[in-house]
Amino acid sequence: MDILTLHIVVPVLTLVGISLVKGQNMTRWTAAVGMGLQLLLSVYLVFSYLDAKGISPETEVFFTRSIVWFESLNIRYDIGVDGIAVAMIMLTSIVIFTGVFASWELKNMYKEFFIALILLSAGVFGFFISQDLFLMFLFFELAVIPMYLLIGIWGSGPKEYAAMKLTLMLMGGSALLLVGILLLYFGAGALTGTPTFNLHELAAVDFPMEIQRWIFPLTFIGFGVIGALFPFHTWSPDGHSSAPTAVSMLHAGVLMKLGGYGCLKVAIYLVPEAALEMGWIFLILTGISVMYGALGVIKQTDLKYINAYSSVSHCGLVLFAILMFNQTAMNGAVLQMVSHGLMTALFFALIGMLYSRTGTRLVHEMGGLMKTLPFLSVAYVLAGLASLGLPGLSGFVAEMTIFVGAFQNSDLFHRVFTIIAISSIVVTAVYILRVVGALLLGPIKKEKFMNLKDATWYEKLATVTLLLCIVGIGLAPLWLSDMIMNSLESIINQLTGL
Amino acid sequence: METSLNYTIWILILPFAAFVLNGLLSKRLPNQVASAISIISILIAAALSYYLAFVYFTDIGKAAETFMAIKAFDQTWLRFTESLQIKIGFLVDPISIMMLIVVTTVSSLVFIYSIGYMKGEKGYNRFFAFLSLFSFSMMGLVVATNLFQMYIFWELVGVSSFLLIGYYYDKPSAVSASKKAFIVTRFADLGFLLGILLLSYYGNSFDFLEISSDNGAAVSQMGGITFMGMSVLSWALLLVFTGGAGKSAMFPLHIWLPDAMEGPTPVSALIHAATMVVAGVYLVARMFTVYSFGAPDVLEIVAIIGAFSALFAAVIACTQFDIKRVLAFSTMSQIGYMMMALGVSGYAAEGLGFTASMFHLFTHAFFKALLFLGAGAIIHSVHTNDIREMGGLRKYLPISHITFLIACLAISGIPPFAGFFSKDEILAAAQMHGMIYFGVGYLVAGLTAFYMFRLYFMVFWNKNQPAESKVHESPSVMTIPLIILALGSIFAGFVPFGNLITTNGQVLETEFHVSLAAATVGIALVGIVVSYLFYAKPSDRPERIAKSLGGFYRTVYQKFYFDEIYLFITQRIIFGIFSAFIAWFDRNIVDGTINAIGWLTAWISSRIKGLQSGQVQQYAYVFLGGVLIIGLVFFYYWMR
Amino acid sequence: MIKGIPFEHIMIFSTLLFFIGVYGFLTRKNLITILISIELILNAVNINFVAVNVYLYPEALEGHFFALFIIAIAAAEAAVAIAIFINLYRNIRSINIEKVNEMKN
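Parameters and conventions
- Residues numbered from 1 in each chain as written.
- Chains lettered and ligands numbered in written order.
- Predicted model: local features only at pLDDT ≥ 70, side-chain atom pairs only at ≥ 80, totals over all residues.
- Helix = DSSP H or I, 4+ residues; strand = E, 2+ residues; numbered from the N terminus.
- Buried ≥ 20, exposed ≤ 12 C-beta atoms within 10 Å, placed from the backbone.
- Contact = placed C-beta atoms within 7 Å.
- Pairing = 2+ DSSP bridges.
- Nonpolar A, V, L, I, M, F, W, Y, C, P; charged D, E, K, R; others polar.
- pLDDT = per-residue confidence, 0-100.
- Core = buried A, V, L, I, M, F, W, Y, C linked by C-beta atoms within 7 Å.
- Axes fitted to C-alpha atoms, helices over the stretch in contact; angles between N-to-C directions.
- Parallel < 35°, antiparallel > 145°, perpendicular 65-115°, else oblique.
- Left-handed = near helix turned anticlockwise from the far one by under 90°.

Draft legend 1. Just the overall build of chain B, in detail. Across its full length, chain B carries 26 helices and six strands. Taking the principal axes of its C-alpha atoms as reference, chain B extends roughly 125 × 65 × 55 Å. A buried classification covers 55% of the 640 residues belonging to chain B.

Here is the structure:
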């Protein structure tokens, strides 16, 4: 069995294992071991990818495999990864691994929870390894649907409302996406004689502009909804605030990245001419997202809302960079996906840990936690610093790559929006410091905060894993950046028409 | 030749290692070990820097009578495109060496001083970890080979400053001061970043040497492209200067510096007096070739802002009563001086201002660090910052008294102390450029002498301490750094700067202007005498003057209400209007639309669901009706 | 072939029976009467089957089989229906069809 299929098989086996074992302890250990294996597998994938790329630098997609699935419809189990997918797979396994530890103490229906959570992750892994649009869509849906249960059952607050809203909006997005995919499929059929879902075969098809003008908005908005594109982002604050910790982590950390990845690999890769023609419309929307999300945070008081809006801002930056249509900016977009995935997962994990101790998520009800919870507080400060783009942490690498890339477009329109996007880093600093100041610093607000217990071992494990990755990328970004950069060639070639 | 400089990397690595070690193990390490790690690492770095300076100035630096810039190493860190790469390197040239000397010297002394000052504080290890982080970042900044490396370390010094100002994190005023410092400088850094991006877009390089090679030929093509009446190069350089102005607390981005005094005093001495705040000056000096050839108009702005800040801060300093705030405004004023000197400077033979500015930066580091450490010793003894509650301390704190006096004389520009020489050069440069700059500089010199001696007299003379006072001199770990810095403040002026640090690396002939020197000393003496009359003995003269000035005095005392203006803009307008509007808009309009769609669907379905009554007979009626209609339709078609 | 009874009469009779059943099904409120009405409809159909078989295809047997089949099904259906009615009566003390709206909303 090839290494990519193993990435789906391991979660599935973990699911089977979880359904067989009894008791909370056995369940969570099974999940932890399974996801630990998955993490090791992804690390191995990274190294074998780098090896293979070193041997044949001209090849784009590695570890490919193609098995006919529905012959009559030309649907195939086409898998394979490039550098971008490898980075996203690595990110996913880190986040799901830490997510298991973040839900270590879950009491209520733990078995079903882990099953849904890992099923979701299997969907995400499948999405990233797919080279066939049908397969991709299938896994996309597989990743979205468990979310409904996860929020609806294990959530807090108005969870039914949030779950319903989130699922319906994402389903609406995938409805548009499906239309776009079918247009591609039948369009290719009409133009070449054989309808196909294969990404690379579709990329070779030269669609006429009239079709492209339909496909691009459909696919871009379809993926954009899950990537929190303004004004389709409102599922995010409600969804995140109601979701349980691990789900928020996985959702903001990984699921929102499906949007950026899809926009890059489907919307832009397959219909480049329309992308170049209509990109400016979406550039305005993403520019708004970036600033709007950042300014929107300032007035929020619930930690999860704060993080949700800041995710809108940061994910807006991803789509913004993709629409800059050059290699540097797109590289930045992927780096930002990785970086934001790591730090937002860390944020949500920490928020969950703080909530379980203080019993509140409202900023003004906390204060002075640095004294009693030094470990969690330091981790929170580091996450915050990563979020505001401090050098030495991953956020800086991603943002600077985006900004340098965005600056390559020298016309006034792009300049204005670039400057707006860059200005958001100041606003980010403002809200991060406000939150850190109100939450962790200052005198202790309430008597009961005096004897809180700092992180347990599993919380430390989750936090430290994420922190190590953030610092690691922040200190030595070159290998990751080069890995992504090399995989962007084909998209750039599509755009420049080579 | 380059391989022989490999040891320079240790200058960066050692403090960083100390930070990591102290940061990770801060709970486990005993206090002495933690401070020892930091101090030993910085001492080794200092020794290496001195060695490097010695080797550079005597041996490897000079080629054809010109000091060359050498890259000790330059490693790619992040690749944007083939030509735009962030490299982490180590640039060796006269100004970077000068800054290294300043940073390592002051750092070492402040580290040692902190053993005494911070004794028994909670988070002692954390303090040393942050100090090491700061030293590492500051040295990374000064040896940067390219703009982006500088930006990286620029941000890192910003965050270490944030961490150290907010050291007493349970004090709300410290927390808000640290936030303010970070956000204001961050705002300025936005300008810096935009400037870097603009420069690199047109110049296609981040590298200092490439940008300024051939007198800035790489970016001079930008001069042709104009935007809103100024060339793009000017805009870029102005934006870069914004970053420098923010870090160096130039008007109008100065508001964070006085508040930054909430940090522990050694921090104020190291970061907010001697090293970090001069980073802006250093930045302009580093890019000076480009400024000088590419954008003389921006250099004029630099001079104006520098001169105005110098005057503005000096006026405010005369009214403040917090010892550290007076020093903070004095720092701002002196940095304004340096900026002004850079602004009025020309290139090569007219480069006196540049040399003077670097010279003043060098001497200022010594006497200002000394002033702050002295103030720290005083605060440590009397446990207050308010100079009205001090007085007559000269008997209790003899060493602090003498060293403080030396520093005051140095900053006032009394020969033969260090400040005299550098200030004299600045005023000479200003005089060459324009009388207005000279006038402002001259006035500020007098004001400086006045407010420094106001401080001195109010602290050490004036009224007497009550007899039972338990005020006593600080331990020797604190006084020895004072003495060393005092020696520096006396002798730093004799360094032949014209031979070492010039705009183009060649020797600059500086002459000593007797008349100018006499005039400067004269106004300084006037300032001292006035303050002696006012403050040496308890009297009501200062208050009478303050009363007679009325509204003006109050405005100055409130720092021209700048804090309030900024607060109004940020809190009321940005947070209160923009942000609140967006929060409302998002919840009600955007989300409202989404919810309205959901509600509409639910409404329609609730209308339709009435048809599903659950009454079988109704269904049967409908069924029959349907059958009837279909029958009729078929019947109609059949009949045709 | 039944002596003296023309095919048309049987057809008219079964049609009347059918519509009496439909009328009863639509207007009655009592579930048992509705059930009886359904039986009437079924029997109308049965008569048609048998009559058509006898008068039009005397040599075939399918019509008879169908009629028998329907009688058997109707019996089973009546048994199930009455069981449901009894349960319903136990629960809501009524077998009025308009009261059976628990599943609504």
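Draft legend 2. Just the overall build of chain C, in detail. Counting its regular elements, chain C contains three helices and zero strands. Along chain C, helices and strands appear, N-terminal first, in the series α-α-α. Among the 105 residues that make up chain C, the fraction classed as buried is 13%. Counting only contacts in chain C whose residues sit at least 6 apart along the sequence, the fraction spanning at least 24 positions is 49%.

Draft legend 3. Molecular detail of the pairing of strand β4 (residues 85-92) of chain B. Residue and element names in this part refer to chain B. Among the eight residues in β4, six count as buried, and that is most of the element. As judged from the eight bridges shared by strand β3 (residues 70-79) and β4, these two strands associate in the antiparallel manner. When the sheet's bridge partners are listed, isoleucine 70 is paired in β4 with valine 92. Hairpin remark: β3 followed by β4, antiparallel, with five residues in the connecting loop.

Draft legend 4. View of the environment of glycine 474 of chain A. Residue and element names in this part refer to chain A. Within the fold, glycine 474 resides in helix α18 (residues 457-475). Residue class for glycine 474 comes out buried when judged on the 20 C-beta atoms lying within 10 Å of it. Residues glycine 474 and proline 391, spaced 83 residues apart in sequence, show a C-alpha to C-alpha distance of 6.8 Å. Non-local contacts of glycine 474, meaning those with residues more than four positions away in its chain, are made with Gly392, Leu393, Ser394, Phe396 and Val397.

Draft legend 5. Region of the structure containing the interface of chain B and chain A. With 36 residues of chain B at the contact, the number on the chain A side is 41 residues. Contributing elements (two or more residues each) for the side of chain B that touches chain A: β3, α5 (147-165), α6 (172-203) and α25 (562-609) of chain B. No other element matches the twelve residues that α6 of chain B contributes to the side of chain B that touches chain A. Residue classes in the side of chain B that touches chain A are distributed as 25 nonpolar, four polar and seven charged.

Draft legend 6. Local environment of the arrangement of the chains. Here two pairs of chains are in contact, and chains A and B lead that list by number of contacts. For the non-touching pair chain A and chain C, the nearest C-alpha separation works out to 19 Å.

Draft legend 7. Representation of unusual backbone geometry. At the junction of phenylalanine 230 of chain A and proline 231 of chain A, the peptide bond is cis and its omega measures out at 0° in the coordinates. Counting through the fold element by element, proline 231 of chain A comes out in the loop between α8 (209-226) and α9 (235-242). Note the cis peptide between phenylalanine 251 of chain B and proline 252 of chain B, where omega equals 0°. Of note, the phi angle at histidine 383 of chain B is positive, near 55°, even though the residue is not glycine. As for its placement among the helices and strands, histidine 383 of chain B is situated in the loop between α16 (352-382) and α17 (398-412). Taking the number of C-beta atoms within 10 Å as the measure of exposure, histidine 383 of chain B has 9 and is therefore exposed.

Draft legend 8. Geometry of the pairing of strand β2 (residues 75-81) of chain A. Residue and element names in this part refer to chain A. Taken across its seven residues, β2 has six buried, putting it largely inside the fold. In the sheet, strand β1 (residues 62-70) pairs with β2 via six bridges, with the strands oriented antiparallel. When the bridges of β2 are listed, valine 68 appears paired with arginine 76. Counted along the chain from β1 to the antiparallel partner β2, the turn is four residues long, and its residue asparagine 74 has a positive phi close to 55°.

Draft legend 9. Quick peek at the confidence of the model for chain C. Confidence in the prediction for chain C averages 88 pLDDT; 93% of positions are at 70 or higher. In the predicted assembly, ipTM is 0.90 and pTM is 0.86.

Draft legend 10. Inspection of the environment of leucine 202 of chain A at higher detail. Here leucine 202 of chain A lies in helix α7 (residues 199-204). Considering only alpha carbons, one finds leucine 202 of chain A and leucine 376 of chain A, 174 residues apart in sequence, at a separation of 48 Å.

Draft legend 11. Region of interest: the nonpolar core. By size, the foremost hydrophobic cluster in this structure holds 423 residues, and its most contacted members are Ala87, Ala321, Leu346 and Leu350 of chain A together with Ala369 of chain B. Considering each element in turn, this core owes the most residues, 19 residues, to α16 of chain B. Those residues within four positions of leucine 346 of chain A in sequence are excluded, and the remaining contacts are Ala379, Ala383, Thr463, Leu466, Leu467 and Ile470 of chain A. With five residues, the next largest nonpolar core counts Phe25, Leu31, Ile34 and Ile95 of chain C among its residues.

Draft legend 12. How the structure looks around the packing of helix α9 (residues 232-247) of chain B against helix α14 (residues 296-317) of chain B. Residue and element names in this part refer to chain B. Interhelical geometry of α9 versus α14 gives an angle of 25° and a closest axis separation of 9 Å. Relative to α14, the element α9 is oriented roughly parallel. As α9 packs across α14, the resulting crossing turns out to be right-handed. For the pair α9 and α14, the contacting residues are Ser234, Leu237, Leu238, Phe241 and Ala245 in the first and Asp297, Val298, Ile301, Val302 and Ile305 in the second.

Draft legend 13. Structural view of helix α12 (residues 279-286) of chain B. Summarising burial for α12 of chain B: eight of the eight residues are buried, a large majority. The complete set of buried residues in α12 of chain B reads Ala279, Gly280, Val281, Tyr282, Leu283, Val284, Ala285 and Arg286 of chain B.

Draft legend 14. Examining the packing of helix α5 (residues 133-154) of chain A against helix α10 (residues 245-270) of chain A more closely. Residue and element names in this part refer to chain A. The interhelical angle for the contact between α5 and α10, taken along N-to-C directions, is 155°, at an axis separation of 12 Å. The angle between α5 and α10 falls in the class roughly antiparallel. You can see that α5 and α10 cross each other, and the crossing is left-handed. On α10, the residues touching Phe140, Ala143, Met147, Leu150 and Ile151 of α5 are Val247, His251, Leu255 and Leu258. Classifying every residue of the contact of α5 with α10 gives eight nonpolar, one polar and no charged.

Draft legend 15. Geometry of the environment of lysine 171 of chain B. All names here are of chain B. The topology assignment puts lysine 171 in the loop between α5 and α6. The class for lysine 171 is partly exposed, based on 15 C-beta atoms found within 10 Å. Sequence separation between lysine 171 and glutamate 262 is 91 residues, and the spatial gap between their C-alpha atoms is 9.2 Å.

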